[in-house]
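Survey of secondary and tertiary structure
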Amino acid sequence: MIDTSIWLDLVKDYRQQPVISALEDLVDRKEVTLIVPEVVLAEFERNKTRVADDAKRSLKSHFTLVRDAINRFAPEDTKQAAIDAVNEADHSAVMKGEAVNASIERVEKLLHVFPVLEATSEIKLRAAERALAGRAPFHRAKNSIGDAIIFETYADAVSHDQVGDRFAFVTSNVHDFSQGVGDQRLPHADLSEAFEDETQSTYWTKLPDLIENLDEFLLPDMDFEFRGFSEHRLLSEIMEAEHRLFLQVWYNRHMNLRAKIADGSHAVVEKVSLATQPYRNDQTLDTVWAVALTSATKVEAELGPGNVGPWDDFEWGMITGKLSALRWIMGDEWDSLDT
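First, a word on scope: everything that follows refers to the structure included in this document.

Here is what the cut-offs are and how they apply
- Residues numbered from 1 in each chain as written.
- Predicted model: local features only at pLDDT ≥ 70, side-chain atom pairs only at ≥ 80, totals over all residues.
- Heavy atoms only, no water.
- Helix = DSSP H or I, 4+ residues; strand = E, 2+ residues; numbered from the N terminus.
- Rg over C-alpha atoms; globule rule 2.2 N^0.38 Å.
- Buried < 20%, exposed > 50% of the residue type's maximum accessible area, 1.4 Å probe, protein only.
- Contact = heavy atoms within 4.5 Å.
- Areas by Shrake-Rupley, 256 points an atom, 1.4 Å probe, with all protein chains shown as cover.
- Axes fitted to C-alpha atoms, helices over the stretch in contact; angles between N-to-C directions.
- Parallel < 35°, antiparallel > 145°, perpendicular 65-115°, else oblique.
- Left-handed = near helix turned anticlockwise from the far one by under 90°.
- Nonpolar A, V, L, I, M, F, W, Y, C, P; charged D, E, K, R; others polar.
- Expected span 1.5 Å × (residues − 1).
- Salt bridge = Lys/Arg side-chain N within 4 Å of Asp/Glu carboxyl O.
- Pairing = 2+ DSSP bridges.
- Core = buried A, V, L, I, M, F, W, Y, C linked by side-chain atoms within 4.5 Å.

Topic: the overall build of the protein chain
Helix and strand content of the protein chain: 14 helices and six strands. For the protein chain, the C-alpha radius of gyration of 31 Å lies well beyond 20 Å, the compact-globule estimate for 339 residues. The principal-axis extents of the C-alpha atoms in the protein chain amount to approximately 95 × 45 × 40 Å. Taking all 339 residues of the protein chain together, the buried fraction comes to 40%. Long-range contacts, defined as pairs at least 24 residues apart, comprise 71% of the intrachain contacts of the protein chain with a sequence gap of at least 6. Taken as a whole, the protein chain presents about 20,400 Å² of accessible surface, with 54% of it coming from carbon and sulfur.

Looking at the packing of helix H2 (residues 17–28) against helix H10 (residues 207–214)
The N-to-C vectors of H2 and H10 enclose an angle of 45 degrees; their axes lie 11 Å apart at closest approach. Judged by the inter-axis angle, H2 sits oblique to H10. Between H2 and H10 lies a crossing of left-handed hand. Contacts from Val19, Ala22, Leu23 and Leu26 of H2 reach H10 at Leu207, Pro208, Ile211 and Leu214. Residue composition of the contact of H2 with H10, by class: eight nonpolar, no polar and no charged.

Overview of H2
Given a rise of 1.5 Å per residue, twelve residues ought to cover 16 Å, and the 16 Å separating the end C-alpha atoms of H2 matches this to within 8%. Here H2 lies mainly inside the structure; nine of its twelve residues are buried. The complete set of buried residues in H2 reads Gln17, Pro18, Val19, Ile20, Ser21, Ala22, Leu23, Leu26 and Val27. Once H2 finishes, Lys30 follows within two positions and takes phi at roughly 60 degrees, a positive value.

Quick look at the packing of helix H7 (residues 121–133) against helix H8 (residues 145–159)
Interaxial distance between H7 and H8 falls to 9 Å at its minimum, and their mutual angle equals 125 degrees. Taken together, the axes of H7 and H8 lie oblique to each other. Regarding H7 and H8, the two cross each other, and that crossing is right-handed. On H8, the residues touching Ile123, Arg126, Ala127 and Arg130 of H7 are Ile145, Ala148, Ile149, Phe151, Glu152, Thr153 and Asp156. Of the residues that constitute the contact of H7 with H8, the class distribution is six nonpolar, one polar and four charged.

Observations concerning the pattern of salt bridges
Going through the model one piece at a time under the given rule, you end up with 21 salt bridges. With a shortest N-O distance of 2.8 Å, Arg29 and Glu31 are connected by a salt bridge. Its relative accessible area of 46% is what places Glu31 among the partly exposed residues. Residues Arg280 and Asp282 are paired through a salt bridge, measuring 2.9 Å at the closest nitrogen-oxygen approach. With relative accessibility at 24%, the residue Asp282 sits in the partly exposed group. Linked through salt bridges whose partners overlap, the residues forming this network are Arg126, Arg130, Arg135, Glu152, Asp156 and Glu193.

Things to note about the side chain of Thr284
Along the chain, the position of Thr284 falls in strand E6 (residues 283–285). Classification of Thr284 as buried rests on a relative accessible area of 13%.

Re unusual backbone geometry
Of the consecutive residues Gln277 and Pro278, the connecting peptide bond is found in the cis state with omega at -5 degrees. For Pro278, the position within the fold is in the loop between strand E5 (267–269) and E6. Here the residue pair Gly309 and Pro310 is connected by a cis peptide bond, since its omega of 5 degrees sits within 30 degrees of zero. In this model, Lys30 sits at a positive phi of 60 degrees, which is unusual for a non-glycine residue. With respect to the helices and strands, Lys30 occurs in the loop between H2 and strand E1 (36–37). Judged by its relative accessible area of 74%, Lys30 is exposed. Phi is positive for Asp335, which is not a glycine, with a value near 65 degrees. Relative to the assigned elements, Asp335 resides in the segment after helix H14 (313–329).

Brief notes about the environment of Val181
Its location among the elements puts Val181 in the loop between helix H9 (174–177) and strand E4 (201–204). Residues Val181 and Phe314 lie 133 residues apart in sequence; the distance between their C-alpha atoms is 69 Å.

A word on the pairing of strand E3 (residues 167–170)
Each regular strand displays side chains that alternate between the two surfaces of the sheet. In E3, alternate side chains face the same way, and those of Phe167 and Phe169 on one face and Ala168 and Val170 on the other are all buried. Bridging between E3 and E4 involves four bridges; their strand directions are parallel. Each bridged residue has a counterpart across the sheet, and for Phe167 the counterpart in E4 is Ser201.

Observations concerning the nonpolar core
Trp7, Leu34, Tyr154, Phe169 and Leu207 are the most contacted members of the largest nonpolar core, which has 56 residues in total. Per element, the largest residue contribution to this core is eight residues, and it comes from H8. With residues up to four places along the chain from it excluded, the contact list for Leu207 reads Ile2, Ile6, Leu10, Val19, Leu23 and Val170. The next biggest cluster of nonpolar side chains, apart from the first, holds eight residues, and it includes Ile238, Val249, Ile319 and Leu326.

So this is what it looks like as structure tokens:
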């Protein structure tokens, strides 16, 4: 039995993805069966959007304040390096915050692998009796009927034990389920009847600890895989690639214009000859063209031989597609190829 608090903890932090992977593996290997009360499913559904929004919002406002402080107070010789570092951290927080969507999908899939358990009349009655007696999780001044139903669903499953079954109750909601004074890794005394035989039923406040107890090598393997394959591109890498593609697109357009000038379909004219009412798209001002020629020489030097074309239609499509995609990632609209 995994409480709603644990499921929400798993999805809101991208670093918990190895834990989700390990749980998926245990379920696939049929070493773990999940007890899923209807109330857990409903609570997860009700809170998942809020958790996703919080993760995406992340530390954005804090990064804005830090940038402002750097601009106002940092020494000029270190200011740009500091801003670059903050931008990288901001980008990383946003990218990793987006991982919450994938985590939500994975958790929802896990929650539907096994039948969802409706609260029976007996379970609801026992939960109500806890409320009347003020027994945990009703020992605090709050409505804990959902928590009580979750626990009573677990206790019901334990009471219908098949020979050899082992049960585990996992929650990070230590205020409602754990000892009020003492070791919070132990269940509240009012809940102890479900954990009298520790060979049959155990109480956990951290899912990784339970997974390690089941398979000590599984989580390290999943963590290694996660760290090896989930790294995103740095913001500086994206900006560098966008700049290179921008230069390539600009240079290709420049060379096309150069070809039109050579074959006479486009003219380079002095200011007195430039049509302005309206402008003509087959004329370029001579001073503007002189700047373009100088810029083309600089682009050739910056990109190097072999990186300025010419390209066939497929290669040209790849270049423009990449530029459009990177600009979209950086906040521009799709198909933005302005140079």
